[in-house]
Amino acid sequence: MSNLHFSTKVIHTSPSKKDPHGALHVPVYNNAAFEFETSEDIALAFSGKKPAHSYSRVSNPTVEYLELQLKNITGAFAVTAVASGMAAISNAFITVAQQGNNIVTSPHLFGNTYSLFSQTFQAFGIEVRFCDLTNISEIESKIDVNTCAIFFETITNPQLEVVDIPALSKIAAKHNVLLIADTTATPPYFFNAKKYGIGIEIISCTKFISGGGTSIGGLIVDYGTYDWTHNKKLQAHAEKHGQGAFNIKLRREVYKNLGACLSPENAYLQSLGLETLALRTDKCCENTLQLAQWLSKQTKVKLVNFPGLENSKYYTLTKSLFNGKFGSLLTFDLTSQEQCFRFMDNLKLIRRATNLQDNKTLIIHPYTTIYCDNTPEEKQTMGIADTMMRLSVGIEYADDLIADIQQALDKI
Ligand SMILES: *Cc1c(COP(=O)(O)O)cnc(C)c1O
């Protein structure tokens, strides 16, 4: 049955081996090493000639099951689960980038990704070229023979900017450049990365997939669509392994050497979370739309930013790209930082915390927290105002959230 829908496919993904006890969910294999019957078998496993688990830093049945679920729902060529979203980004780039290369991206990035590109990678001779990804001619002016990838986030946080993915994909294809998307805000079920020409998809499972902020994890989804002969580092691999060039370099070298494997416990939690992804995200998205519409009508609220509001310049694009959904993040502004703090301190239900896409609704003042190390000028370029709060909306009953916001607004 190939025409099954998302939730059915996720829930009924078959493991690589039937459980000897008939367990209905792949259990947590919390062990480091696996034994073999013969020396021949262990040699075949190490050389990759016979698929088998030998050591949990390299592969593990519980982690593999999460990878299989992702493969099943996305139709990807290969999936690698890693310790965190940041591990997914660093593993993917260390696989495709070498000294002298550059990465074309927007400055509107998750904070640690920005730091990884502009500091960590810079020190190894990999340059980052920031540009406005909503401006096609600006992107083209940044691409050259040393560009190893164009990287973008589907809905940027906290600007909530959405790039024209079909247009971006066309440019990447025209220049034979790999397109890498961080789809944490719009994981599979929202967004079909393969359809839009994305070569490598990155997802932080910590967010929507973990099933309520239960654990940290990340995914590298390889669609097998990019012609790796265009990548300088993988050229030789591509001649030998074709479509599998990236995956072999990653699995047989980079991933093993960096050691950022996903723990089996976390893989288990994320696999369970994935089973209820559609249920939870539908609710999160409905709640966010309702809250955004309500907040827009409040006189004390200066501004509401949410791509699901019809007056947002990203409304039509967002609706067409993400399965009619707009995500579960919104930002709104009061008149001063002091007002934001007073409002936040009066909330009774909504939690003051970082993280996104938990089952709980979370609020944060990005200017004084996530961006506290940036200069006021940097914050301005990144669109971070001291009057802005970010709300990550959970699965509670929307009226209860509205009542909480109402009573806190009444106190300012
Ligand atoms: C959280 C996040 C990451 C990093 O994920 P971790 O699991 O925290 O390492 C990367 N990209 C985006 C868009 C995120 O929201």
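Treat the numbers as computed from the prediction; the structure is a model and nothing was measured.

**Q** Just to check I follow, could you spell out the sheet that holds strand β2 (residues 102-105) for this structure?
**A** As a general point, the strands of a sheet are linked pairwise by backbone hydrogen bonds and lie either parallel or antiparallel. Strand order in the open sheet made by the 7 strands is β1-β7-β6-β5-β4-β2-β3, with mixed pairing throughout. Strand pairing shows two members of the sheet lacking a second neighbour, β1 (78-82) and β3 (127-130), which therefore form its edges. Averaged over all pairs of adjacent strands, the angle between strand axes in this sheet comes to 20 degrees, irrespective of strand direction. Pairing geometry for strand β4 (residues 147-153) and strand β5 (residues 179-182), over 4 bridges, is parallel. Bridging from a neighbouring strand, F151 pairs with I180 of β5.

**Q** What is the right way to look at the layout of surface pockets in this model?
**A** One way to see where empty space is left: roll a probe the size of a water molecule over the atoms. Volume-wise, the largest pocket comes out at about 1800 Å³. Looking at the largest pocket, it is lined by 49 residues, and the ones nearest its centre are S16, A52, H53, S59 and E64. When residues of the lining of the largest pocket are traced back to their parent elements, those giving at least two are α2 (39-46), α3 (61-74), β1 and α9 (245-258). Tallying contributions element by element places α3 first for the lining of the largest pocket, with 6 residues. For the lining of the largest pocket, a count of residues per class yields 23 nonpolar, 12 polar and 14 charged. Its volume calculated, the second largest pocket comes out at about 470 Å³. What lines the second largest pocket is a set of 20 residues, and nearest its centre among them are F110, G111, N112, I370 and Y371. A total of 6 residues in the lining of the second largest pocket trace back to one element, the largest contributor, which is helix α5 (residues 111-121).

What counts and what doesn't
Residues numbered from 1 in each chain as written. Predicted model: local features only at pLDDT ≥ 70, side-chain atom pairs only at ≥ 80, totals over all residues. Heavy atoms only, no water. Pairing = 2+ DSSP bridges. Helix = DSSP H or I, 4+ residues; strand = E, 2+ residues; numbered from the N terminus. Axes fitted to C-alpha atoms, helices over the stretch in contact; angles between N-to-C directions. 1 Å grid on protein atoms, 1.4 Å probe; cavity = no way out; pocket = protein on both sides within 12 Å on 5 of 7 lines; lining within 4 Å. Points joined across faces, edges and corners; volume = space filled by probe spheres on them. Nonpolar A, V, L, I, M, F, W, Y, C, P; charged D, E, K, R; others polar.

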